[in-house]
Amino acid sequence: MEKKTILSGIQATGSLTLGNYLGALNNWVEMQDKYDCYYMIADLHTLTIRNDPETLRENTLKLIALYVAAGLDPDKNTIFIQSHIPAHPALSWVLNCYTYMGELNRMTQFKDKSLKHADNINSGLFTYPVLMAADILAYNADLVPVGDDQKQHLEITRDIAERFNSIYGNTFKIPEVYIGKVGARIMGLQNPTSKMSKSAVDPMDKVLLTDSPDEIRKKFKKAVTDSENCVRYDVTNKPGVSNLMSIYGIIKNKSMEDIEKEFSGQGYGTFKTAVAEAVVERLEPLQKKYNELLENPDKLKAIYEKGDKKAKEKSDKLLKEVYKKIGLVVE
Ligand code: ATP
Ligand code: LTN
């Protein structure tokens, strides 16, 4: 039987957090054997905020290194750069004409980002989900593994695809969102009621995949908890501790009950140290591989060039089919 197709991506907006890793990347690694996987660097999406050009270029290459260091095998997965594939912006333009202003107006990410970047509410930020729909639909992806915050973008992707299919006949596959059972929303360490975000201003709120072991220990030590001093999973009343338990649970592959038992009668100090050590241990090999790859830009180039070629072939085919259906002249 033919393997199902997966597509996902991460914006090249800076160092990834533990949230990106546990909510997205880690699931991708687990899926690479079972599916035909396309993993891109969403550099075009990054343009919706202002970037320093040199930093964006660097971040793009760093993100490729991080994908591979996290365990994505470039021989099994198609790893590519979004801006290298002309079908993405081309299809995005077409899909813009089948997307309503009202639909885009409802997107919570647009509302959040507009508040964060009030001086730069550009139309790219508004149509961001349409480019994301193009990314997904151009590959006939069956499944899209993302964190919980991207669910709404998957819903609009499905709506756009269904609308197009109902006018022109079956063209796009309707993709399903894949959200991991745990870790779908890792929260900030200082502010455990909002998600851990790369762009958080407070460095103590986020653990970066490139943080040194001592930085990681310090951040977990200072993580916000509560006064009960009892390791118990209760997201509403104990968001900080519950978040730490989720992190520990994914890394150690343990249920919340197991963790409650393991730390029963022990204070937060011991628990926090155990979480920090689990994270340090998991990130150590990743960081080693990441640093090696960064010293070898030719290798990184070979990885994305190979991925670009495969991604281009697949998406060009679909774009042509779309152009034909809507009445553009296709040679
Ligand atoms: P930014 O702060 O720039 O908005 P971000 O940290 O939200 O960035 P994205 O590039 O938007 O990162 O997301 C990359 C992937 O990581 C997506 O699949 C997203 O759902 C997932 N993700 C982001 N933050 C978290 C989190 N705190 N917990 C779980 N998954 C997350
Ligand atoms: N918007 C996504 C990044 C992204 C993406 C995609 C994810 C761009 N294109 C296609 C899945 C599929 C985010 O994580 N912020």
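For the structure itself, look to the data block above.
None of these values were measured; they are calculated from a predicted model.

What counts, and where the lines are drawn
- Counting restarts for each chain, with residues numbered from 1 along the sequence as it is written.
- Starting at A for chains and at 1 for ligands, labels are handed out in the order in which the entities are written.
- It should be noted that, the model being predicted, local features are given only for residues of pLDDT at least 70 and side-chain atom pairs only at 80 or more, the latter also being counted only at that level, while totals for whole chains, interfaces and linings use all residues.
- Excluding hydrogens and water, the side-chain figures rest on all heavy atoms present in the structure.
- The rule is simple: take the accessible area with a 1.4 Å probe, protein chains only, and divide by the maximum for that residue type; under 20% is buried, over 50% is exposed, in between is partly exposed.
- Working definition: helices are DSSP H or I runs of at least four residues, strands are E runs of at least two. Numbering for both runs from the N terminus.
- Only when DSSP finds a minimum of two bridges between them are two strands counted as paired.
- Here the term right-handed applies to a crossover when the path leading from its first strand over the helix to its second strand runs clockwise, the strands being oriented away from the viewer.
- Summary of the distance rule: residues count as near a molecule or strand when at least one heavy atom falls within 4 Å of that molecule or strand.
- Here a polar contact means two N or O atoms within 3.5 Å. Within protein one must be a hydrogen donor candidate and the other an acceptor candidate, and residues neighboring in sequence count only if both atoms are side-chain atoms.
- All accessible areas in this document rest on Shrake-Rupley with a 1.4 Å probe, and a residue is counted as covered only by the protein chains that are shown.
- Polar here means any residue outside two lists: the nonpolar Ala, Val, Leu, Ile, Met, Phe, Trp, Tyr, Cys and Pro, and the charged Asp, Glu, Lys and Arg; Gly therefore counts as polar.
- To obtain an axis, a line is fitted to C-alpha atoms, over the contacting stretch when the element is a helix, and the angle between two such axes runs from 0 to 180 degrees between their N-to-C directions.
- For classification, angles of less than 35 degrees are called roughly parallel, those exceeding 145 degrees roughly antiparallel, those between 65 and 115 degrees roughly perpendicular, and all remaining angles oblique.
- Throughout, a residue-residue contact means that at least one pair of heavy atoms, one from each residue, lies within 4.5 Å.
- One less than the residue count of a helix, multiplied by 1.5 Å, gives the span that helix is expected to have.
- Side-chain rings of Phe, Tyr and Trp, where Trp is taken by its six-membered ring, are said to pair if the distance between their centres is within 6.5 Å; with planes under 30 degrees apart they count as stacked, over 60 as edge-to-face, and otherwise as tilted.

**Structural notes on the pairing of strand β2 (residues 36–42)**
Reasoning step 1: In terms of burial, β2 is a largely internal element, six of the seven residues being buried.
Reasoning step 2: Pairing of strand β1 (residues 5–11) with β2 involves seven bridges; the strand directions are parallel. Counted as the bridge partner of Gly 9 is Met 40 from β2.
Reasoning step 3: With helix α1 (residues 18–31) bridging β1 and its parallel neighbour β2, the resulting β-α-β unit is right-handed.
Reasoning step 4: Where β2 and strand β3 (residues 77–81) come together, five bridges link them in parallel fashion. Looking at β3, one finds that Tyr 39 is bridged to Ile 79.

**Considering the pairing of β3**
Reasoning step 1: In terms of burial, β3 is largely enclosed, as five of its five residues are buried.
Reasoning step 2: Burial along β3 is two-sided: the residues Asn 77, Ile 79 and Ile 81 and Thr 78 and Phe 80 are all buried.

**Description of the site of ligand 1**
Reasoning step 1: Not every one of the 21 residues close to ligand 1 is listed here, only the nearest: Lys 113, Asp 149, Lys 195, Ser 197 and Ser 199.
Reasoning step 2: Lys 198 places a side-chain nitrogen or oxygen 2.7 Å from an oxygen atom of ligand 1.
Reasoning step 3: Coverage of ligand 1 by the protein chains reaches 96% of its 610 Å² of free accessible surface.
Reasoning step 4: For the shell around ligand 1, the secondary-structure elements that each account for two or more residues are β1 and α1.
Reasoning step 5: Ranked by the residues each element gives to the shell around ligand 1, the list is headed by α1, at four residues.
Reasoning step 6: The residue inventory of the shell around ligand 1, partitioned by class, reads six nonpolar, 10 polar and five charged.

**Remarks on the packing of helix α3 (residues 53–69) against helix α13 (residues 297–326)**
In a packed pair of helices, the relevant descriptors are the angle between the two axes and the axis-to-axis distance.
Reasoning step 1: With their axes 10 Å apart at the nearest point, α3 and α13 run at an angle of 85° to one another. Comparing the axis directions of α3 and α13 gives the class roughly perpendicular. Of α13, the residues touching α3 (which contributes Leu 61, Ile 64, Ala 65 and Val 68) are Leu 300, Ile 303 and Tyr 304.
Reasoning step 2: Grouping the amino acids of the contact of α3 with α13 by side-chain chemistry returns seven nonpolar, no polar and no charged.

**Description of unusual backbone geometry**
Note: most peptide bonds trans; most residues except glycine with negative phi.
Reasoning step 1: Of note, the phi angle at Asn 140 is positive, near 50°, even though the residue is not glycine.
Reasoning step 2: For Asn 140, the location among the structural elements is in the loop between α7 (123–137) and β4 (143–145).

**Overview of the site of ligand 2**
Reasoning step 1: The immediate surroundings of ligand 2 are formed by 14 residues, with Met 40, Tyr 128, Met 132, Asp 135 and Gln 150 found nearest.
Reasoning step 2: Here a nitrogen atom of ligand 2 and a side-chain polar atom of Tyr 128 are 2.6 Å apart.
Reasoning step 3: Within the side chain of Asp 135, one N or O atom sits 2.7 Å away from a nitrogen atom of ligand 2.
Reasoning step 4: Protein chains bury 92% of the 360 Å² of accessible surface belonging to ligand 2 in isolation.
Reasoning step 5: Broken down by class, the residue content of the shell around ligand 2 amounts to eight nonpolar, five polar and one charged.

**What to know about α3**
Reasoning step 1: Between its terminal C-alpha atoms α3 stretches 24 Å, which fits the 24 Å expected from 17 residues at 1.5 Å a residue.
Reasoning step 2: All buried positions along α3 are accounted for by Leu 56, Asn 59, Thr 60, Leu 63, Ile 64, Ala 65, Leu 66, Tyr 67, Val 68 and Ala 69.
Reasoning step 3: Phi turns positive, to about 120°, at Gly 71, one or two residues after α3.

**So, the packing of aromatic side chains**
Reasoning step 1: Under the definition given, this model contains 12 aromatic pairs.
Reasoning step 2: Judged by centre distance (5.0 Å) and plane angle (35°), the rings of Tyr 38 and Tyr 139 are tilted. A residue pair is termed long-range when its members are at least 10 positions apart, and Tyr 38 in strand β2 and Tyr 139 in the loop between α7 and β4 qualify at 101 residues.
Reasoning step 3: Seen from their ring centres, Phe 80 and Tyr 139 are 5.6 Å apart, and the 40° between their planes marks the pair as tilted. In this pair, Phe 80 is assigned in strand β3 and Tyr 139 in the loop between α7 and β4, connecting sequence segments 59 residues apart.
Reasoning step 4: Residue class for Phe 80 comes out buried when judged on its relative accessible area of 0%.
Reasoning step 5: What makes Tyr 139 buried here is its relative accessible area of 0%.
Reasoning step 6: Through successive ring pairs, a cluster of aromatic residues spans Tyr 98, Phe 164, Tyr 168 and Phe 172.

It is worth stressing that arrangement in space is one thing and function is another; only the former is reported here.
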